[in-house]
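Each chain, letter by letter, is given below.
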Amino acid sequence: MSPQRICLSALIGAFGLALIAPSSSAQLADSPPRGSGRGSASLSSFGTLPFAPGERLVYSVTMARLRLGQGVLAVEGVEEVEGVPVYRVSLKVEIKAPFISLVDRETSWLAIDPIRSLAFERHRREGNREQRLRFRFDQVAQRYAPEVWDEGSGQFRDAADQNSGGPIPAGAIDEIAALYLLRTLSLEPGAVHRVDRYFEPSGNPIVFRVVGKEKVRVPAGKFEVAVVEPDIPSLSPFRASSEPRLYITDDARRLIVKITTRTKAGTLTFYLKDLPGRS
């Protein structure tokens, strides 16, 4: 895996922590990929999905009864990328704990039917260090290209090392897209979904195993859920060795209401705080 690769493994693996309530995260707004137009796509392009623009899932995170913070998984809106209507989805997190301060926003531009990624962006600030990266996916030529943030122009530009890109599988996805893809799959106990579409070969296969159903109570309420054991090689907290579990409502909404994952510091538990749309 490229040393530039990012994401939840960095977020949760760094000190085995996660998320805290929004403060300066508003400064980490994403910018649309080249060829996109905010608000110009038609919702009718997407058909019936368990998620839609405006959905905002807010999580509280604990370890050993200690509240560590908060994170937000959201479908922010509809755009066009290279003429293709997409959902802009994001994971926004903050960490504030002893010895670490981290603000991270990851955004995926998600095309539908089939679900596939057209762009992926990460904006991370840890202490005094800041990093902004973007990956553009050409699903026709089946290649990805990295872009880096140019402070002088205030825009992304092609990476100087053109060999830093590479081929991608058909229908390639990023890690945020994988979470939304899961919500469209069968959640019958015993189902095993193997996905060989992560854009970097070292991240394949992604495997989702539905191990059962149960009832759980979180701050958002009490739910009947399907229990899924994900194995996502690119994300250390979601590898089989970390014993991760996702608890997804057994209804049309397919809400992820709880996540558990084992780290060196202990077991992290993510609880959905409230239902989308509730005041």
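Look up: the structure comes first, before these words.
Here the structure is a predicted model, which means the values were calculated and not measured.

(A) Structural context of the pattern of salt bridges. Enumeration according to the criterion identifies 15 salt bridges in this entry. In this structure, the salt-bridge partner of Glu147 is Arg136, at a minimum N-O distance of 2.4 Å. Of this pair, Glu147 sits in strand β7 (residues 143-150) while Arg136 sits in strand β6 (residues 129-138), and the two are 11 residues apart along the sequence. For Glu147, a relative accessible area of 1% puts it in the buried group. Judged by relative accessible area, which is 24%, Arg136 ranks as partly exposed. Connected through salt bridges with shared partners, the residues Glu121, Arg132, Arg134, Arg136 and Glu147 form a single ionic network.

(B) Seen up close, helix α2 (residues 175-182). Most of α2 is tucked away, with eight of its eight residues classed as buried. Where α2 is concerned, the buried positions are Glu175, Ile176, Ala177, Ala178, Leu179, Tyr180, Leu181 and Leu182. A distance of 2.9 Å separates the backbone nitrogen of Ile176 from a side-chain oxygen at the start of α2, and that oxygen is part of Asp174.

(C) Inspection of the environment of Phe120 at higher detail. Within the secondary structure, Phe120 sits in strand β5 (residues 116-126). According to the relative accessible area criterion, Phe120 is buried, its value standing at 0%. Residues Phe120 and Glu175, 55 residues apart in the sequence, show an inter-C-alpha distance of 9.2 Å.

(D) View of unusual backbone geometry. Cis geometry is found at the peptide bond from Asp113 to Pro114, where omega equals 0°. Here the residue pair Asn204 and Pro205 is connected by a cis peptide bond, since its omega of 0° sits within 30 degrees of zero. Tracing the backbone through its elements, the reader meets Pro205 in the loop between β10 (192-195) and β11 (206-218). The backbone of Glu82 shows a phi angle near 50°, a positive value even though the residue is not glycine.

(E) Main features of the environment of Trp149. Secondary-structure assignment places Trp149 in strand β7. Given the relative accessible area of 22%, Trp149 is considered partly exposed. When the C-alpha positions of Trp149 and Gln131 are compared, they lie 8.0 Å apart, and in sequence the two are 18 residues distant.

(F) Highlighting the pairing of β10. Every second residue of β10 is oriented toward a common face, the buried set being His193 and Val195 and the non-buried set Val192 and Arg194. Bridge analysis of β10 against β11 gives four bridges, and the strand direction is antiparallel. Residue pairing across strands places His193 opposite Phe208, the latter belonging to β11.

(G) Seen up close, the pairing of strand β15 (residues 266-272). Note: strand β1 (residues 56-63) against β15, five bridges, orientation antiparallel. By the bridge assignment for β15, Met63 is matched with Leu268. Bridge count for strand β14 (residues 256-263) against β15 is six bridges, and the pairing is antiparallel. Looking at the pairing, Thr263 lines up with Gly266 of β15.

(H) Structural context of the packing of aromatic side chains. In total, this model carries seven aromatic pairs according to the counting rule given. Taking 4.9 Å as the distance between ring centres and 65° as the angle between the ring planes, the aromatic pair formed by Phe137 and Phe199 counts as edge-to-face. Residue Phe137 is found in strand β6, and its partner Phe199 is found in the loop between β10 and β11; the two are separated by 62 residues along the sequence. Residue Phe137 is classed as buried on the basis of its relative accessible area of 6%. The exposure class assigned to Phe199 is buried, which follows from its relative accessible area of 1%. For the pair Tyr144 and Phe199, a centre-to-centre distance of 5.0 Å together with 75° between the ring planes defines the contact as edge-to-face. Of this pair, Tyr144 sits in strand β7 while Phe199 sits in the loop between β10 and β11, and the two are 55 residues apart along the sequence. Members of the aromatic cluster, connected to one another through ring pairs, are Phe135, Phe137, Tyr144, Tyr198 and Phe199. Sitting over the face of the ring of Tyr247, Lys258 holds its NZ or CZ atom 4.9 Å from the ring centroid.

Calculation criteria
- Residues numbered from 1 in each chain as written.
- Predicted model: local features only at pLDDT ≥ 70, side-chain atom pairs only at ≥ 80, totals over all residues.
- Heavy atoms only, no water.
- Salt bridge = Lys/Arg side-chain N within 4 Å of Asp/Glu carboxyl O.
- Helix = DSSP H or I, 4+ residues; strand = E, 2+ residues; numbered from the N terminus.
- Buried < 20%, exposed > 50% of the residue type's maximum accessible area, 1.4 Å probe, protein only.
- Polar contact = N/O pair within 3.5 Å; in protein donor to acceptor, adjacent residues only side chain to side chain.
- Pairing = 2+ DSSP bridges.
- Phe/Tyr/Trp six-rings, centres within 6.5 Å; stacked < 30°, edge-to-face > 60°.
- Lys NZ or Arg CZ within 6 Å of the ring centre and 35° of its normal.

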